[in-house]
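Residues per chain, in single letters:
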Amino acid sequence: MPEIPSQFLDRLRQILPQDRKIAVLETFTFAKPPSFRLNRAGLHPEEIRLRVSSQGLEVVPVAWYPGAFILRLGSISELERTPSFRSGDICVQTLSQMLPALVLDPQPGEQVLDLGAGPGAKATQMACLMRGQGRLVAAEKDRLRFRDLSAGVRMQEAGNVTCVHQDASEFAAANGDCFDKVMVDAGSTEESRFYLADPRTYLSWSEEEIGAMVPGQLSLLRAGVQALKPGGVLVYSTNTFAPEENEAVVNTVLQENDGRVELEEFELPIPNVSGGLCQWSGTEYLPELSKVRRVLPSAVLEGLFLARLRKR
């Protein structure tokens, strides 16, 4: 069986806190259990747990997110055959991918933008947090991802969500300074999803691939900042460890905006978190990059990078 690239592992050892290196490297040897969450406001978590359990599946509530569950016994395909899934009452989503919306914290009545929104799990999660009040625009330029996004929104019957099939930069140019909150979940090299038993997750990895991702990430984050109202909040997230795709991208946008955008401190409801890097491979970043956060992989969580920015 192929092995995870040694160059990736060498880089990762430089990124991780000293006391977490062994534990994190071990997480690449096993699959994370599936998870899901309530997908409609007003549903009671215990009611959903009983409904799903009645289908022969064993689920465990997530302590830090009421309405989220880990599937301990059963498969995703079995879960997707339940009436609760088919009705749109629940949404399959990894626990780590539930965190960006919680950090953004969209409120009822706000104007919210989700850039690069396909396939739509974060958009429907935010619609649920907003309790159907306010306006959420979910923009996606890829045709297939836009199709999945539109289908998910229809299934949830999220009346406050508008799906837009458009490039993020074009949308932001026409809608500058319009949104209270902006979600930028950028495509990445997906390093946090490497799994030793599935070579497809890591065989294409290279430092060249990291470099190829950065222009798109920069474009998406710039568009998000442009669309954000003064005083508004933006969350930038990726599924990768690479500082070039994370701290470096945020650092570039902060420097381009020359004080008009600032990083904010924020808390996460989980223990396995580290701060940001202020230098990488001989390049110095702004000192405030220490405020970004990395979710470190665990038995149930994938790795995740998160930054919360405010437009002054």
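Procedures and definitions
Residues numbered from 1 in each chain as written. Predicted model: local features only at pLDDT ≥ 70, side-chain atom pairs only at ≥ 80, totals over all residues. Heavy atoms only, no water. Core = buried A, V, L, I, M, F, W, Y, C linked by side-chain atoms within 4.5 Å. Buried < 20%, exposed > 50% of the residue type's maximum accessible area, 1.4 Å probe, protein only. Helix = DSSP H or I, 4+ residues; strand = E, 2+ residues; numbered from the N terminus. Contact = heavy atoms within 4.5 Å. Axes fitted to C-alpha atoms, helices over the stretch in contact; angles between N-to-C directions. Parallel < 35°, antiparallel > 145°, perpendicular 65-115°, else oblique. Left-handed = near helix turned anticlockwise from the far one by under 90°. Nonpolar A, V, L, I, M, F, W, Y, C, P; charged D, E, K, R; others polar. Pairing = 2+ DSSP bridges. Right-handed = clockwise from strand over helix to strand, strands pointing away.

### As for the nonpolar core
Ranked by size, the top nonpolar core spans 52 residues in total, and within it F8, L115, L234, Y236, V250 and L309 carry the most contacts. Top element by residues in this core is helix α10 (residues 207-227). It accounts for eight residues. Once residues lying within four places of it in the same chain are set aside, the contact partners of L234 are L104, V182, V184, L221, G224, V225, L228, A307, R308 and L309. Formed by 33 residues, the second largest nonpolar core is a distinct cluster that contains V62, A68, L95 and L136.

### Thoughts on the packing of helix α6 (residues 95-104) against helix α7 (residues 121-129)
Where α6 contacts α7, the two axes come as close as 10 Å, and the packing angle between them is 40°. Between α6 and α7, the interaxial angle falls into the category oblique. Viewed along their axes, α6 and α7 form a crossing whose handedness is right-handed. Residues Q97, M98, P100, A101, L102 and L104 of α6 form the contact with α7, whose participating residues are K122, Q125, M126 and L129. Considered class by class, the residues forming the contact of α6 with α7 number seven nonpolar, two polar and one charged.

### As for the packing of α10 against helix α11 (residues 247-257)
The relative placement of two packed helices comes down to the angle between their axes together with the axis-to-axis distance. The interhelical angle for the contact between α10 and α11, taken along N-to-C directions, is 45°, at an axis separation of 10 Å. Relative to α11, the element α10 lies oblique. Crossing geometry of α10 relative to α11 is assigned as right-handed. Residue-level inspection shows V214, Q217, L218, L221, R222 and V225 of α10 in contact with α11, the latter providing V249, V250, T252, V253, E256 and N257.

### Focus on the pairing of strand β9 (residues 228-238)
Each regular strand shows side chains that alternate between the opposite faces of the sheet. The element β9 is largely enclosed, with a buried count of eight among its eleven residues. Bridge analysis of strand β8 (residues 179-185) against β9 gives six bridges, and the strand direction is parallel. Counted as the bridge partner of K181 is V233 from β9. Following the backbone out of β8, through α10 and into the adjacent parallel β9, one traces a crossover that is right-handed. Pairing of β9 with strand β15 (residues 304-311), which is carried by six bridges, proceeds in the antiparallel orientation.

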